[in-house]
Amino acid sequence: RWSGSGTSKALVEHKGELRNLIPENALVVAGNDASTHIVLYHLNRKGWTFEQDWLFPESLKTQIEEGAEFLFINSNRVETTSTLMELTQEPIFKKGGLTVYPLVSPSDF
């Protein structure tokens with residue numbers, strides 16, 4: 001799992017680009033990551049992870065309030081959930097099934 005397969009392969013292949021895409025101290029929300037560690041390890045970032053598309057608007061709002069600035073996701077959950085779309089901005093990265101969204105600020109909801 002650490003070397004990447006499926007949609008996590010994009011994470012491994014583009015981790016340098018992804019690390020340069022966001023500030024070094026930015027907190028992120030990342031998934032799907034059943035290990036709860038691999039995505040954050042490859043990104044060299046701190047934050048929250050989720051698995052099995054268990055990303056819900058209420059928890060994402062809380063994470064934004066606690067400082068989350070970006071969402072890394074390897075599914076189409078945001079595009080299919082209007083309440084999640086309201087918490088994200090236009091994607092800044094989209095390759096190999098991995099999408100990175102800047103998150104709205106807490107004052108926007």
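In case you missed it, the structure is sitting above this.
So, a few notes on the structure that sits alongside this text. This is a predicted model, so every value here is computed, not measured. (Residues numbered from 1 in each chain as written. Predicted model: local features only at pLDDT ≥ 70, side-chain atom pairs only at ≥ 80, totals over all residues. Heavy atoms only, no water.)

1. Notes on the overall build of the chain
Step number 1: Counting its secondary structure elements, the chain contains five helices and five strands.
Step number 2: Traced from its N-terminal end to its C-terminal end, the chain shows the element sequence α-α-β-α-β-α-β-α-β-β.
Step number 3: By the compact-globule yardstick of 13 Å for 109 residues, the chain fits well, its C-alpha radius of gyration being 13 Å.
Step number 4: Once the C-alpha set of the chain is aligned to its principal axes, its extents read approximately 35 × 30 × 25 Å.
Step number 5: Taking all 109 residues of the chain together, the buried fraction comes to 41%.
Step number 6: Pairs at least 24 residues apart make up 52% of the contacts formed inside the chain by residues separated by at least 6 positions.
Step number 7: As presented, the chain carries roughly 6,000 Å² of accessible surface, and 49% of it is formed by carbon and sulfur atoms.
Step number 8: The chain carries 10 positive and 14 negative side-chain charges, and their two centres are separated by 9 Å. (Helix = DSSP H or I, 4+ residues; strand = E, 2+ residues; numbered from the N terminus. Rg over C-alpha atoms; globule rule 2.2 N^0.38 Å. Buried < 20%, exposed > 50% of the residue type's maximum accessible area, 1.4 Å probe, protein only. Contact = heavy atoms within 4.5 Å. Areas by Shrake-Rupley, 256 points an atom, 1.4 Å probe, with all protein chains shown as cover. Lys, Arg positive; Asp, Glu negative; His and termini not counted. Charge placed at Lys NZ, Arg CZ, Asp CG, Glu CD.)

2. Regarding unusual backbone geometry
Step number 1: In this model, G31 is joined to N32 through a cis peptide bond whose omega is 10°.
Step number 2: Its identity is not glycine, yet N44 carries a phi of approximately 55°, on the positive side.
Step number 3: With a phi angle near 50°, Q52 is a residue other than glycine that sits in the positive phi range.
Step number 4: By the element assignment, Q52 lies in the loop between β2 (46–50) and α4 (57–65).

3. Details of the nonpolar core
Step number 1: Ranked by size, the top nonpolar core spans 15 residues in total, and within it L18, V28, L43, F70 and F72 carry the most contacts.
Step number 2: Residue assignment for this core shows that the elements contributing at least two residues are α1 (8–13), β1 (27–31), α3 (38–43), β3 (68–73) and β5 (98–102).
Step number 3: Looking at which element gives the most residues to this core, the answer is α3, with three residues.
Step number 4: Contacts of F70, omitting those with residues within four sequence positions, involve I22, P23, A26, L27, V28, V29, I92, V100, Y101, P102 and L103.
Step number 5: Within the second largest apolar cluster, 14 residues are counted, among which are L71, L84, Y101 and L103. (Core = buried A, V, L, I, M, F, W, Y, C linked by side-chain atoms within 4.5 Å.)

4. Describing the sheet that holds strand β4 (residues 93–95)
Strand pairing in a sheet is mediated by backbone hydrogen bonds. Such pairs are either parallel or antiparallel.
Step number 1: Pairing is mixed across the open sheet formed by five strands, whose spatial order is β2-β1-β3-β5-β4. The sheet is open, and its two borders are formed by β2 and β4, each paired with just one other strand. Neighbouring strand axes in the sheet, compared pairwise and without regard to direction, differ in orientation by 15° on average. (Pairing = 2+ DSSP bridges. Axes fitted to C-alpha atoms, helices over the stretch in contact; angles between N-to-C directions.)

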